[in-house]
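Topology and contacts: notes
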Amino acid sequence: MFWVLFLLPAIVAAGLSCGRLCLAAVAAARPQPRPEQDQGLSCYEAAFLAGGPYRVADLTLVSMHRARRLLLAHTGWATVVDPEGRDDLERSVLTAIGPGGQERIAAIRSGTAAADAVRALADRLAGAGLAVPDAVRSGVSSSVRAVRGAALLIAALALAALLTPGEGDTGRAEIAAWFALPLVLTLGCLAIARLEVHPYTRWASPDGQRLLGGLDPAGDPLTALAVRGLRAVDDPQLRSALSSGRFTHRSQ
């Protein structure tokens, strides 16, 4: 019966992680403010809903580059041409570049994505019911990761229990059946979360996704970048410049 010592933490891990995911799902399903029916999206808003803060930073950089107020080099450096920003986001880019007038694009993206202007944009979209609030999205994502971790832990504990010396063939079958219960629970929760909770791990809420789906990026490079990300950039040198240092981010 030594294998029971492996089964108990498996059951606890399954129960706690699945319970946490259920609570996160309930919080995500609470009614959000409904957007106005005639509400449209600006390019900045579309960029945030489609790709988050780093997509907004990319869009701002490209917008300034196209207006010849910022030079983006394929080497991964940005140089200021016009030090006057037209809005808060452009001023955030200039602040991230610093007084020297030149900075690595990767550092600019990080600084701009964390700027107050982007946070204000996120709060405004969340308040309108178009963006998933950060607390909800992070809560759901961390809960899903916890259930995945619990499933891996259960599998490891089951293997350790099966390899415990002194268990006969019949005993091993019974052990596997006991461990199958918490494993099925966690895998079932992950499957349900994929269908029911997955929309709340994105930047855009279901209403925001509906508005994004109504945008036509054809003929507008900035809208295409906002909606589709880096793959919408036709200029290979500009795409190379924006690709610099984005190993840890998924805003493309």
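All of these numbers come straight from a predicted model, not from anything done at the bench. (Residues numbered from 1 in each chain as written. Predicted model: local features only at pLDDT ≥ 70, side-chain atom pairs only at ≥ 80, totals over all residues. Heavy atoms only, no water.)

Attention shifts here to the pattern of salt bridges. Enumeration over the complete set of coordinates arrives at eight salt bridges. Of the charged contacts, one joins R124 and E45 as a salt bridge, the two residues approaching to 3.9 Å between their closest N and O atoms. In this pair, R124 is assigned in helix α6 (residues 116-127) and E45 in helix α2 (residues 43-51), connecting sequence segments 79 residues apart. A salt bridge links R210 to D207, with the shortest nitrogen-to-oxygen separation between them at 3.9 Å. Highlighted residues: R210 and D207, both in helix α9 (residues 206-213), separated by three residues, approximately one helical turn. Assessed through its relative accessible area of 43%, R210 is described here as partly exposed. Since its relative accessible area comes to 11%, D207 is described here as buried. Connected through shared salt-bridge partners, R69, R86 and E90 make up one network. (Salt bridge = Lys/Arg side-chain N within 4 Å of Asp/Glu carboxyl O. Helix = DSSP H or I, 4+ residues; strand = E, 2+ residues; numbered from the N terminus. Buried < 20%, exposed > 50% of the residue type's maximum accessible area, 1.4 Å probe, protein only.)

As a further point, take the environment of G85. Relative to the helices and strands, G85 is located in the loop between β2 (77-80) and α4 (88-97). Once the C-alpha coordinates of G85 and T95 are considered, the two residues, ten residues apart in sequence, prove to be 9.7 Å apart. Contacts of G85, omitting those with residues within four sequence positions, involve E90, R91 and L94. (Contact = heavy atoms within 4.5 Å.)

Compared with an ideal rise of 1.5 Å per residue, which puts twelve residues at 16 Å, α6 spans 16 Å between its outermost C-alpha atoms and is within 8% of the ideal. When we look at burial in α6, the residues that qualify are A117, V118, L121, A122, L125 and A126. Residues of α6 that are buried in the fold lie against α2, α3 (53-66), α4 and α5 (105-113). Phi turns positive, to about 80°, at G129, one or two residues after α6. (Expected span 1.5 Å × (residues − 1).)

Let's shift gears to α5. What α5 keeps buried is the set I105, I108, R109, T112 and A113. All buried residues of α5 lie within an arc of 125° about the axis, which places them on one face of the element. (Arc of directions from axis to C-beta.)

In spatial order, the strands read β1-β2-β3; together these three strands make up an open sheet with antiparallel pairing. Unpaired on one side and paired on the other, β1 (70-72) and β3 (102-104) mark the two borders of the sheet. Neighbour-to-neighbour, the strand axes of this sheet turn through a mean angle of 20°, independent of strand direction. Strand direction decides the pairing type here: β1 and β2, joined by three bridges, are antiparallel. What sits directly across from L70, in β2, is V80. Across the sheet, α5 is in contact with β1, β2 and β3; its angle to β3 comes to roughly 90°. (Pairing = 2+ DSSP bridges. Axes fitted to C-alpha atoms, helices over the stretch in contact; angles between N-to-C directions.)

Attention now goes to the side chain of S205. Its location among the elements puts S205 in the loop between α8 (169-196) and α9. Excluding anything up to four places from it in sequence, S205 contacts G129, L130, A131 and V132.

Moving on, we get to the packing of aromatic side chains. The description of an aromatic ring pair uses the distance of the two centres, along with the angle that the planes make with each other. In total, this model carries one aromatic pair according to the counting rule given. Ring centres 5.4 Å apart and planes at 65° place the aromatic pair F48 and W203 in the edge-to-face group. Taken together, the residues F48 in helix α2 and W203 in the loop between α8 and α9 connect sequence positions 155 residues apart. On the basis of relative accessible area, F48 is assigned to the buried category, the value being 4%. (Phe/Tyr/Trp six-rings, centres within 6.5 Å; stacked < 30°, edge-to-face > 60°.)

On to the state of the cysteines. As enumerated under the stated definition, the model contains zero disulfides in all. Unpaired in terms of disulfides, C18 finds its nearest cysteine sulfur in C189, a separation of 3.3 Å. Given a relative accessible area of 4%, C18 falls into the buried group. Left unpaired, C22 is separated from the closest cysteine sulfur, that of C189, by 5.3 Å. (Disulfide = S-S within 2.5 Å.)

Moving on: the nonpolar core. In this structure, F48, L49, V56, L61, L72 and L242 are the most contacted members of the largest nonpolar core, which totals 38 residues. Apart from residues no more than four positions distant in its own chain, L61 is found in contact with L70, L72, V93, I105, I108, R109 and L242. (Core = buried A, V, L, I, M, F, W, Y, C linked by side-chain atoms within 4.5 Å.)

Next up on the list: the confidence of the model for the protein chain. Residues at a pLDDT of 70 or more form 90% of the protein chain, whose mean pLDDT is 86. Of the regions scoring below 50 in pLDDT, residues 247-252 engages in 15 contacts with residues more than four places distant in sequence or in other chains. (pLDDT = per-residue confidence, 0-100.)

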